[in-house]
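Listed here are the chains, written in short residue letters.
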Amino acid sequence: MTSHPPADDLACLPEPAAPELPAVGADDAAWAAFDRAGLAFDRDALLAGRSCRDALARACRWHRDRGMEVSCP
């Protein structure tokens, strides 16, 4: 009997880096690029959070399927 779930099941997507604000006096193109980067950050943060939630669920299910008592969301 294996005592731990496969390591691949515990992997999460990396946490994204937040975009940096444009310099004071930046033009409209810089602000538009910042807005696009902000939307991409929001999307990537959501996907990373979901991947960690799903990894935790897989680990809990793995333990539960082997008769262990676990309390997971």
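All residue numbers refer to positions counted from 1 along the written sequence of the respective chain. For this predicted model, a pLDDT threshold of at least 70 governs which residues receive local features, and a threshold of 80 or more governs which side-chain atom pairs are given and counted, while totals over whole chains, interfaces and linings are taken from all residues. Here the side-chain values reflect all heavy atoms present in the structure, with hydrogen atoms and water set aside.

Chemist: In this structure, what is going on with the pattern of salt bridges? I would like to understand it.
Modeler: Pairing between side chains becomes possible if they bear opposite charge and their charged atoms approach one another. Only one rule defines a salt bridge in this text: a Lys or Arg side-chain nitrogen within 4 Å of an Asp or Glu carboxyl oxygen. Considering all chains together, one arrives at two salt bridges under this definition. Salt-bridge contacts for Asp44 lead to Arg43; the nearest nitrogen and oxygen are separated by 3.1 Å. Between buried and exposed lies partly exposed: a residue is buried under 20% and exposed over 50% of the maximum accessible area for its type, with that area taken using a 1.4 Å probe on protein chains only. In this structure Asp44 comes out as partly exposed when scored by relative accessible area, which is 29%. Of the residues examined, Arg43 reaches a relative accessible area of 47% and is grouped as partly exposed. One salt bridge in this structure joins Asp54 and Arg53, with 3.0 Å as the shortest N-O distance.

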